[in-house]
Amino acid sequence: MPELPEVETVRRQLQPWLSGRTIARVELLAPPGPKYASLERAAGQAIERVDRRGKFLLMPLSGGDELIAHLGMTGVLTPGGTGQPGKHLRVAVDLEGAAPNRLEFNDPRRFGRFLVVRRGEYGALPTLAALGPEPFDESFTGARFYQALQRSQMAVKTYLLSQRPVAGVGNIYADEALWRVGVHPLTPAARVKKEQASQLLAAVRDVLAASIEAQGTTLADYRTVYGESGDYADRLDVYGRAGQECRRCGGRLERLVVGQRGTTYCPDCQRRPTDRRRRAK
DNA sequence: CGCATTTCCTGGTAGC
DNA sequence: TGCTACCAGGAAATGC
């Protein structure tokens, strides 16, 4: 499922092809709705560039609008124009100029979004409006991350998934980063120590950077713009490995549910924070 | 406002 | 083989 590394991979591939291109028309094949709002406004505007914030692709348009794509779980962007439209084609963007001159958005599960807003006006996208810092922003320090964590009593994993303390971390990389620093996913965010917070931010950066280098993690649906799989799945230490052995201590990885999300962790490396109510054994 | 819960959606798969 | 039941989950909507 596309998280920051997968979206960044797609961005890097789209950028040289799409930037500067003028949109001739946009065809909406999905039922109209807020997930596909205002697409008709894009016609006649040029795509200035392809940016990314967290898991959102942001394409500022020359007429003062902005085209926003979120891949959800199963969204795939591909240069189209070949063959018949697929069963799950939701949006097709026709471009002026030489082929390939069509961008297709396929999304079997329809969790994705593909819409136009006035530039910078993210009222329809509250998560984007309240998005935390980009993890690779150099002015984003461990101290600032610690301050952000201090503001919430939520389980640290759930808080990471909210996109508020840092942008772009999803279920896979949250589990990976927490395992790397030995923090239990249910630890209240505000109880993460200052030193741990710095280590956690460093771990988030390391795992995201390594995955970007591998062009992301393909478990099922994610593909790059050119249809390739991401190779990071082979390097996952915890996600999807419940019941297998921990690569650090050799113990058995366990699965639990945190904030309605499947979570894998090592009960030996990631100790639960002290619970005062726990009875003596 | 903060946080928990529910909803959206369908391919894949386990079980019979 | 074909059927049902259930699971996966990012973000928004809803509830308290």
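What counts and what doesn't
- Residues numbered from 1 in each chain as written.
- Chains lettered and ligands numbered in written order.
- Predicted model: local features only at pLDDT ≥ 70, side-chain atom pairs only at ≥ 80, totals over all residues.
- Heavy atoms only, no water.
- Helix = DSSP H or I, 4+ residues; strand = E, 2+ residues; numbered from the N terminus.
- Rg over C-alpha atoms; globule rule 2.2 N^0.38 Å.
- Contact = heavy atoms within 4.5 Å.
- Areas by Shrake-Rupley, 256 points an atom, 1.4 Å probe, with all protein chains shown as cover.
- Lys, Arg positive; Asp, Glu negative; His and termini not counted.
- Charge placed at Lys NZ, Arg CZ, Asp CG, Glu CD.
- Buried < 20%, exposed > 50% of the residue type's maximum accessible area, 1.4 Å probe, protein only.
- Core = buried A, V, L, I, M, F, W, Y, C linked by side-chain atoms within 4.5 Å.
- Axes fitted to C-alpha atoms, helices over the stretch in contact; angles between N-to-C directions.
- Parallel < 35°, antiparallel > 145°, perpendicular 65-115°, else oblique.
- Left-handed = near helix turned anticlockwise from the far one by under 90°.
- Nonpolar A, V, L, I, M, F, W, Y, C, P; charged D, E, K, R; others polar.
- Pairing = 2+ DSSP bridges.
- Near = heavy atom within 4 Å.
- Polar contact = N/O pair within 3.5 Å; in protein donor to acceptor, adjacent residues only side chain to side chain.

Visitor: Summarise the overall build of chain A; cite the residues concerned and give the values.
Guide: Per the secondary structure count, chain A includes 6 helices and 10 strands. For 281 residues, the compact-globule formula gives about 19 Å, and the C-alpha radius of gyration of chain A, at 20 Å, lands near that figure. Along the first, second and third principal axes, the C-alpha set of chain A runs to 70 × 35 × 30 Å. When contacts within chain A are restricted to residue pairs at least 6 apart in sequence, those whose partners lie at least 24 apart make up 66%. When the accessible surface of chain A is split by element, carbon and sulfur atoms take 46% of a total near 13300 Å². Across chain A, the 42 positively charged side chains and the 31 negatively charged ones have centroids separated by 9 Å.

Visitor: With reference to specific residues and values, describe the environment of Arg 25.
Guide: By the secondary structure assignment, Arg 25 is in strand S1 (residues 23-28). Judged by its relative accessible area of 45%, Arg 25 falls in the partly exposed class. Spatially, the C-alpha atom of Arg 25 lies 9.1 Å from that of Arg 41, the residues being 16 residues apart in sequence. Excluding its chain neighbours within four sequence positions, the residues that come into contact with Arg 25 are Ala 43, Ala 92, Val 93 and Asp 94.

Visitor: How would you explain the nonpolar core if you had to name every residue and give the values?
Guide: One finds Phe 145, Leu 149, Leu 200 and Tyr 232 to be the most contacted residues of the largest nonpolar core, which totals 31 residues. Mapped onto this core, the elements with two or more residues apiece are helix H3 (142-150), helix H4 (156-161), helix H5 (171-181) and helix H6 (194-213). Counting residues per element, this core draws most heavily on H6, at 9 residues. Not counting the four nearest positions on each side in its chain, Leu 200 is found in contact with Phe 145, Val 156, Ala 177, Leu 178 and Val 181.

Visitor: Run through the packing of H3 against H6, naming residues and quoting values.
Guide: With their axes 8 Å apart at the nearest point, H3 and H6 run at an angle of 110° to one another. One finds that H3 runs roughly perpendicular with respect to H6. Considering the relative orientation of H3 and H6, their crossing is right-handed. Touching Gly 142, Phe 145, Tyr 146 and Leu 149 of H3 are Lys 194, Ala 197, Ser 198, Leu 200 and Leu 201, all from H6. When its residues are assigned to classes, the contact of H3 with H6 shows 6 nonpolar, 2 polar and 1 charged.

Visitor: Any chance you could break down the sheet that holds strand S7 (residues 102-106) for me, citing the residues and the numbers?
Guide: With antiparallel pairing, the 4 strands of this open sheet are ordered in space as S1-S6-S7-S5. Each of the sheet's edge strands pairs with one partner strand only, and the pair in question is S1 and strand S5 (76-79). With strand direction ignored, the average angle separating the axes of adjacent strands in the sheet is 15°. In this fold helix H1 (residues 4-18) packs onto S5, strand S6 (89-95) and S7, with an angle of close to 155° to the strand it touches most, S7.

Visitor: I'd like to hear about the protein's contact with DNA strand B, residue by residue, with values.
Guide: By nearness alone, every residue bordering DNA strand B is listed as Lys 87, His 88, Pro 108, Arg 109, Arg 110, Phe 111, Ser 152, Gln 153, Met 154 and Gln 260. Restricting the count to atoms of DNA strand B within 4 Å of the protein gives a sugar and phosphate share of 60%. The separation between a phosphate oxygen of DNA strand B and a polar side-chain atom of Arg 110 is 2.4 Å. Between DNA strand B and Gln 153, the relevant distance is 3.1 Å, taken from a phosphate oxygen to a main-chain nitrogen or oxygen of the residue. Of the residues assigned to the surface near DNA strand B, the class counts are 3 nonpolar, 4 polar and 3 charged.

Visitor: Give a detailed account of the packing of H5 against H6, specifying residues and quantitative values.
Guide: Packing of H5 against H6 leaves a shortest axis separation of 9 Å and a crossing angle of 130°. Considered as vectors, H5 and H6 are oriented oblique to each other. In this structure, H5 crosses over H6, and the sense of that crossing is right-handed. Contact residues: H5 offers Tyr 173, Glu 176, Ala 177, Leu 178, Arg 180 and Val 181, while H6 offers Gln 199, Leu 200, Ala 203, Val 204, Asp 206, Val 207, Leu 208 and Ser 211.

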